[in-house]
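Report on the structure
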Amino acid sequence: VQLVESGGGLVQAGASLRLSCAASGRTFSGDFLGWFRQAPGKEREFVAAITWNGAGTYYADSAKGRFTISRENAKNTAYLQMNSLKPEDTAVYFCASGRGIGRSMVVTMAEYEYWGQGTQVTVSS
């Protein structure tokens, strides 16, 4: 399974970006999908996750109200819409997938089996 993120870039504070995560190698319609990010000098942290059918979504406090996670299983693609971006959102964003992840464990990186290579998001002030 390969996950490829795209859509990152350099934007000013207050702008929006939509990240995409395209999966290949198998259908991921049964997988939990998560987005994580890692800023320079910091640990990777959870941003958002979505259940296999899109019925359940989960967000870090820093993402609530500004970010929206979604997926299109027919396209094997997941998205992270990011609005009102702040300089502190600057990081490399990774998508990850896994099966059988309990809802209390969606923030745990070890629960995800497959990871993308990441896409850089830089927000200038």
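The structure we're discussing is the one just above.
Residues numbered from 1 in each chain as written. Predicted model: local features only at pLDDT ≥ 70, side-chain atom pairs only at ≥ 80, totals over all residues. Heavy atoms only, no water.

Counting secondary structure elements, the protein contains zero helices and eleven strands. Along the chain direction, N to C, the helices and strands of the protein fall in the order β-β-β-β-β-β-β-β-β-β-β. For the protein, contacts bridging at least 24 residues in sequence account for 58% of all contacts bridging at least 6. Counting only carbon and sulfur atoms, one obtains 49% of the accessible surface of the protein, whose full area is about 6,100 Å². (Helix = DSSP H or I, 4+ residues; strand = E, 2+ residues; numbered from the N terminus. Contact = heavy atoms within 4.5 Å. Areas by Shrake-Rupley, 256 points an atom, 1.4 Å probe, with all protein chains shown as cover.)

Turning next to the nonpolar core. Among the nonpolar cores identified, the biggest contains 25 residues, and Trp35, Val47, Phe67, Leu80, Met82 and Tyr93 are the most heavily contacted of them. Looking at which element gives the most residues to this core, the answer is strand 3 (residues 17-24), with four residues. Excluding residues within four positions of it along the chain, Val47 makes contact with Trp35, Phe36, Arg37, Tyr58, Tyr59, Ala60, Ala63, Phe67, Leu80 and Tyr93. Counting residues in hydrophobic clusters, the runner-up holds ten residues, among them Tyr58, Ile101, Val106 and Tyr112. (Core = buried A, V, L, I, M, F, W, Y, C linked by side-chain atoms within 4.5 Å. Buried < 20%, exposed > 50% of the residue type's maximum accessible area, 1.4 Å probe, protein only.)

Moving on, we come to the packing of aromatic side chains. Considering all chains together, one arrives at five aromatic pairs under this definition. Centre to centre, the rings of Phe36 and Phe46 are 5.7 Å apart; their planes meet at 75°, and the pair counts as edge-to-face. Highlighted residues: Phe36 in strand 4 (residues 32-38) and Phe46 in strand 5 (residues 45-50), separated in sequence by ten residues. Look at Phe46 and you get buried, because its relative accessible area is 11%. Judged by centre distance (5.0 Å) and plane angle (50°), the rings of Phe36 and Trp115 are tilted. Here Trp115 lies in strand 10 (residues 114-115) and Phe36 lies in strand 4, a separation of 79 residues in the sequence. (Phe/Tyr/Trp six-rings, centres within 6.5 Å; stacked < 30°, edge-to-face > 60°.)

Looking at the secondary structure, you find Glu5 in strand 1 (residues 2-6). For the buried Glu5, which has no salt bridge, the nearest side chain bearing the opposite charge is Arg44, at an N-O separation of 7.4 Å. Among the polar contacts listed, one links the side chain of Glu5 to the backbone nitrogen of Gln117, at a separation of 3.1 Å. In this structure the side chain of Glu5 is engaged in a polar contact, spanning 2.8 Å, whose partner is the backbone nitrogen of Gly118. Not counting residues up to four positions away in its chain, the partners in contact with Glu5 are Ser20, Cys21, Trp35, Tyr93, Phe94, Cys95, Gly116, Gln117, Gly118 and Thr119. (Lys, Arg positive; Asp, Glu negative; His and termini not counted. Salt bridge = Lys/Arg side-chain N within 4 Å of Asp/Glu carboxyl O. Polar contact = N/O pair within 3.5 Å; in protein donor to acceptor, adjacent residues only side chain to side chain.)

Positive phi values are uncommon outside glycine, yet Asn76 reaches one of about 55°. For Asn76, the location among the structural elements is in the loop between strand 7 (67-72) and strand 8 (77-82). Taking the relative accessible area as the measure of exposure, Asn76 reaches 13% and is therefore buried. Despite not being glycine, Ser84 has its phi angle at roughly 50°, a positive value. Considering the arrangement of structural elements, one finds Ser84 in the loop between strand 8 and strand 9 (91-98).

This part takes up the environment of Tyr114. You can see Tyr114 is positioned in strand 10. Sequence separation between Tyr114 and Ala23 is 91 residues, and the spatial gap between their C-alpha atoms is 9.8 Å. Among all residues touching Tyr114, those that are not within four sequence positions of it are Val1, Leu3, Arg26, Cys95, Ala96 and Ser97. Within the local environment of Tyr114, its side chain forms a polar contact with the side chain of Glu113, the two groups lying 3.2 Å apart.

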